[in-house]
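Take a look at the letters that make up each chain.
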Amino acid sequence: MASRFSAGILMYRFRGGVAEVLIVHPGGPFWARKDLGAWSIPKGEFLPGDGPLETAKREFREETGSDVSGDFIQLVPVLQTGGKLVHAFAVEGDFDPATLVSNTFEMEWPPRSGRMKELPEVDRAEWCDFATAREKLNAAQATLIDQLEQLIRIR
């Protein structure tokens, strides 16, 4: 059973006939040296009264600094190992990772130092093909790539 809920955007594009998806890497010292299995779609938790698509758009803006629009396709939610249910929406679009501007969070760093440090929620973004995305994404979110691949084949 899901204990928390979040929503995000799985943006995709076609370059040279190859489908690519936009993924983001979490900021902060815990994630600094992690790569495979550490990436995510831009996503975040629901605020009271917000619906999944509204949350997904807000979180995309907060984590990338860019608004997102288009024909959103709701994917089947996925349950992550920590108990979070992730609602995702696929949308064709484009984003320049060099323009990434993420919101920040504050944490004590180094631990037990008494010093607070402001860190980006997302430290980088990249476009990658589906196979690479499956390797880099959180395992549960990798199944979103499978769903998107099926939708693209149908169109």
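That block above? That's the structure.
Cut-offs and rules
Note on numbering: residues in each chain are counted from 1, in written sequence order. It should be noted that, the model being predicted, local features are given only for residues of pLDDT at least 70 and side-chain atom pairs only at 80 or more, the latter also being counted only at that level, while totals for whole chains, interfaces and linings use all residues. In computing side-chain values, all of the structure's heavy atoms are included and hydrogens and water are not. Helical segments are the DSSP runs of H or I of at least four residues, strand segments are the runs of E of at least two, and each set is numbered from the N terminus. Only C-alpha atoms enter the radius of gyration; for comparison, a globular chain is expected to reach 2.2 Å times N to the power 0.38, where N is the number of residues. Residues count as neighbours in contact if any of their non-hydrogen atoms are within 4.5 Å of one another. Here, Shrake-Rupley sampling with a 1.4 Å probe gives the accessible areas, and only protein chains in the shown set may cover a residue. In this tally, Asp and Glu contribute negative charge and Lys and Arg positive charge; neither His nor the terminal groups of the chain are included. In this description, the location of a charge corresponds to atom NZ of lysine, CZ of arginine, CG of aspartate or CD of glutamate. Using a grid of 1 Å spacing that covers the protein atoms alone, one calls a set of points a cavity when a 1.4 Å probe fits there but cannot get out, and a pocket when the set is open and has protein on both sides within 12 Å along at least five of seven lines; lining residues are those with an atom within 4 Å of a point. Grid points are joined across faces, edges and corners, and a volume is the space filled by probe spheres set on the points. Ten residue types, Ala, Val, Leu, Ile, Met, Phe, Trp, Tyr, Cys and Pro, are classed as nonpolar, four, Asp, Glu, Lys and Arg, as charged, and the remainder, Gly among them, as polar. Salt bridges, as used here, are contacts in which a Lys or Arg side-chain nitrogen is within 4 Å of a carboxyl oxygen on Asp or Glu. With a 1.4 Å probe rolled over the protein chains alone, any residue whose accessible area is under 20% of its type maximum counts as buried; one over 50% counts as exposed, and the rest are partly exposed.

Caption draft 1: Structural detail: the overall build of the chain. A count of helical and extended segments in the chain gives three helices and nine strands. Ordered by position in the sequence, the α and β elements of the chain form the string β-β-β-α-β-β-β-β-β-β-α-α. Relative to its length of 155 residues, the chain is compact, with a C-alpha radius of gyration of 15 Å against a globular reference of 15 Å. Referenced to the eigenvectors of the C-alpha coordinate spread, the extents of the chain come out at roughly 55 × 35 × 25 Å. Across the chain, every contact between residues at least 6 apart in sequence was considered, and the portion connecting residues at least 24 apart equals 65%. Carbon and sulfur atoms provide 53% of the accessible area of the chain, an area that totals close to 8,300 Å². Averaged over its 18 positive side-chain charges, the chain has a centre that lies 5 Å from the centre of its 23 negative ones.

Caption draft 2: Representation of the layout of surface pockets. Each pocket or cavity is described by its volume, and for the largest pocket that value is around 560 Å³. Lining the largest pocket are 28 residues, and of these Pro26, Trp31, Ser40, Lys43 and Lys84 lie nearest its centre. Broken down by secondary-structure element, the contributors of at least two residues to the lining of the largest pocket are β2 (18-26), β3 (43-45) and β7 (104-108). Classifying every residue of the lining of the largest pocket by side-chain character gives eleven nonpolar, eleven polar and six charged.

Caption draft 3: Spotlight on the pattern of salt bridges. One pass over the structure, following the stated rule, counts 15 salt bridges. We note a salt bridge from arginine 13 to glutamate 20, for which the minimum N-O separation is 2.7 Å. Using a relative accessible area of 15% as the deciding quantity, one classes arginine 13 as buried. For glutamate 59, the salt bridge goes to arginine 58, with nearest N and O atoms at 3.0 Å. Note on accessibility: glutamate 59 and arginine 58 belong to one class, buried. Each of Arg13, Arg15, Glu20 and Asp94 takes part in salt bridges that share partners, so that together they form one network.

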